[in-house]
Amino acid sequence: MEHDPAVIAGVSLAIETAIAKAVELSPGTQRQLKQLHPLTIEIHCTQPALEMFVGVEEDGGIQIASYRETKATVSIEGTWRDFSRVAMASDTAAARINCDVKISGDPAPLMK
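As the structure is a prediction and not an experimental result, all values here were calculated from the model.

Conventions and cut-offs
- Residues numbered from 1 in each chain as written.
- Predicted model: local features only at pLDDT ≥ 70, side-chain atom pairs only at ≥ 80, totals over all residues.
- Heavy atoms only, no water.
- Salt bridge = Lys/Arg side-chain N within 4 Å of Asp/Glu carboxyl O.
- Helix = DSSP H or I, 4+ residues; strand = E, 2+ residues; numbered from the N terminus.
- Buried < 20%, exposed > 50% of the residue type's maximum accessible area, 1.4 Å probe, protein only.
- Contact = heavy atoms within 4.5 Å.
- Patch = residues over 30% accessible without salt bridge, like charges linked within 9 Å, V, L, I, M, F, W, Y side chains within 5 Å.
- Areas by Shrake-Rupley, 256 points an atom, 1.4 Å probe, with all protein chains shown as cover.
- 1 Å grid on protein atoms, 1.4 Å probe; cavity = no way out; pocket = protein on both sides within 12 Å on 5 of 7 lines; lining within 4 Å.
- Points joined across faces, edges and corners; volume = space filled by probe spheres on them.
- Nonpolar A, V, L, I, M, F, W, Y, C, P; charged D, E, K, R; others polar.

Novice: Looking at this model, I keep getting lost on the pattern of salt bridges. Mind explaining?
Specialist: Side chains bearing opposite charge may pair, as long as their charged atoms lie close to each other. In this structure the tally under the stated criterion is 1 salt bridge. Among the ionic pairs, Asp-82 bridges to Arg-85, the shortest N-O distance being 3.4 Å. Here Asp-82 and its partner Arg-85 are both found in helix α3 (residues 80–88), 3 residues apart, which amounts to about one turn of the helix. For Arg-85, a relative accessible area of 46% corresponds to the partly exposed category.

Take a look at the structure:
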């Protein structure tokens, strides 16, 4: 099923804005994010079908888009259920091993 690009763009902007506000309130987080620049994470969700890119900007900001011309630093692929299991786990390393999330590229930035 195809998703309406306008809806995806609107949701991406809303998420990006919320993250920007949260990062603004945490100077330590912004400093840590600056160190990750120019990280780009490709998120390929297979169920529901959705592809997003999360980029770390030079100033520590986050950019979320449904299209990116540059190659991603790291790509993660799985179902929404798999992603949520990893995100909610107290031991994310064990959760990554025990689910079907596939990581390709340089996974080191995901461990920070």
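Novice: Mind showing me how you'd approach the environment of Val-56 here?
Specialist: Structurally, the position occupied by Val-56 is in strand β2 (residues 49–56). Contact partners of Val-56, with chain neighbours within four places excluded, come to Leu-33, Leu-36, His-37, Pro-38, Leu-39, Gly-61 and Ile-62.

Novice: Help me understand unusual backbone geometry in this model?
Specialist: One can expect most non-glycine residues to show negative phi and most peptide bonds to be in trans. Of the consecutive residues His-37 and Pro-38, the connecting peptide bond is found in the cis state with omega at 10°. Note that Pro-38 resides in the loop between α2 (27–36) and β1 (40–46). Omega for the peptide link from Gln-47 to Pro-48 comes to 0°, which places this bond in the cis form. With respect to the helices and strands, Pro-48 occurs in the loop between β1 and β2.

Novice: Explain a nonpolar patch on the surface to me, please; I cannot follow it from the model alone.
Specialist: On the surface, a nonpolar cluster with roughly 310 Å² of combined accessible area is contributed by Val-7, Val-11, Ile-15 and Ile-19. Relative to the helices and strands, Val-11 is located in helix α1 (residues 5–24).

Novice: Could you clarify how one ought to interpret the layout of surface pockets in this entry?
Specialist: In this approach, a probe sized like a water molecule rolls over the atoms, and the result shows the empty space that is left. Of the volumes computed, that of the largest pocket is approximately 1200 Å³. Forming the boundary of the largest pocket are 35 residues, of which Ile-41, Ile-43, Val-54, Ile-76 and Leu-110 lie nearest the centre. Every element with two or more residues in the lining of the largest pocket is listed here: α1, α2, β1, β2, β3 (62–65) and α3. For the lining of the largest pocket, the leading source of residues is α3, giving 6 residues. Class assignment for the residues of the lining of the largest pocket results in 27 nonpolar, 4 polar and 4 charged.

Nothing here speaks to function; it is geometry throughout.
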